[in-house]
Amino acid sequence: MKKIIYISLSVVLVLVIMFVPFRKAEYDDGGTVEYVALTYKVVKWKRYMTHGGPIYESTRVYWLGNKKSISELWERETEIINEGQK
């Protein structure tokens, strides 16, 4: 019985470590905040599109994207924005 409890607790602990995000950084680009877990990254975009222009606000989940920098993710995000404007 104890063995089942230890295995269950171990599985829950591994899942928590893999899927619970923590706040990694906040940027001075308008207020973008980055949360990171082992398996994904959440970015709450709040960024000026042009100097003094409109603010872009969106929340995206990047699965297996936790190795990419915020600038690489922004390039990807601008591609999505540009496709939506066509």
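Everything here concerns the structure above.
Attention in this report is confined to the structure presented alongside it. (Residues numbered from 1 in each chain as written. Predicted model: local features only at pLDDT ≥ 70, side-chain atom pairs only at ≥ 80, totals over all residues. Heavy atoms only, no water.)

1. Thoughts on a nonpolar patch on the surface
Part 1 of the argument: Together, Ile7, Val11, Leu15, Phe19, Val61, Trp63 and Leu64 give the surface a local cluster of nonpolar side chains, amounting to about 730 Å² of exposed area.
Part 2 of the argument: Listed by contribution, the elements that provide at least two residues to the nonpolar patch are α1 (2-19) and β4 (55-63).
Part 3 of the argument: For the nonpolar patch, the element with the most residues is α1, which contributes four residues.
Part 4 of the argument: Residue Leu64 is classed as exposed on the basis of its relative accessible area, which comes to 70%. (Patch = residues over 30% accessible without salt bridge, like charges linked within 9 Å, V, L, I, M, F, W, Y side chains within 5 Å. Areas by Shrake-Rupley, 256 points an atom, 1.4 Å probe, with all protein chains shown as cover. Salt bridge = Lys/Arg side-chain N within 4 Å of Asp/Glu carboxyl O. Helix = DSSP H or I, 4+ residues; strand = E, 2+ residues; numbered from the N terminus. Buried < 20%, exposed > 50% of the residue type's maximum accessible area, 1.4 Å probe, protein only.)

2. Brief notes about a negative patch on the surface
Part 1 of the argument: Taken together, the side chains of Glu72, Glu75, Glu79 and Glu83 define an acidic patch exposed on the protein surface.
Part 2 of the argument: Tracing the sequence through the fold places Glu75 in helix α2 (residues 70-85). (Lys, Arg positive; Asp, Glu negative; His and termini not counted. Charge placed at Lys NZ, Arg CZ, Asp CG, Glu CD.)

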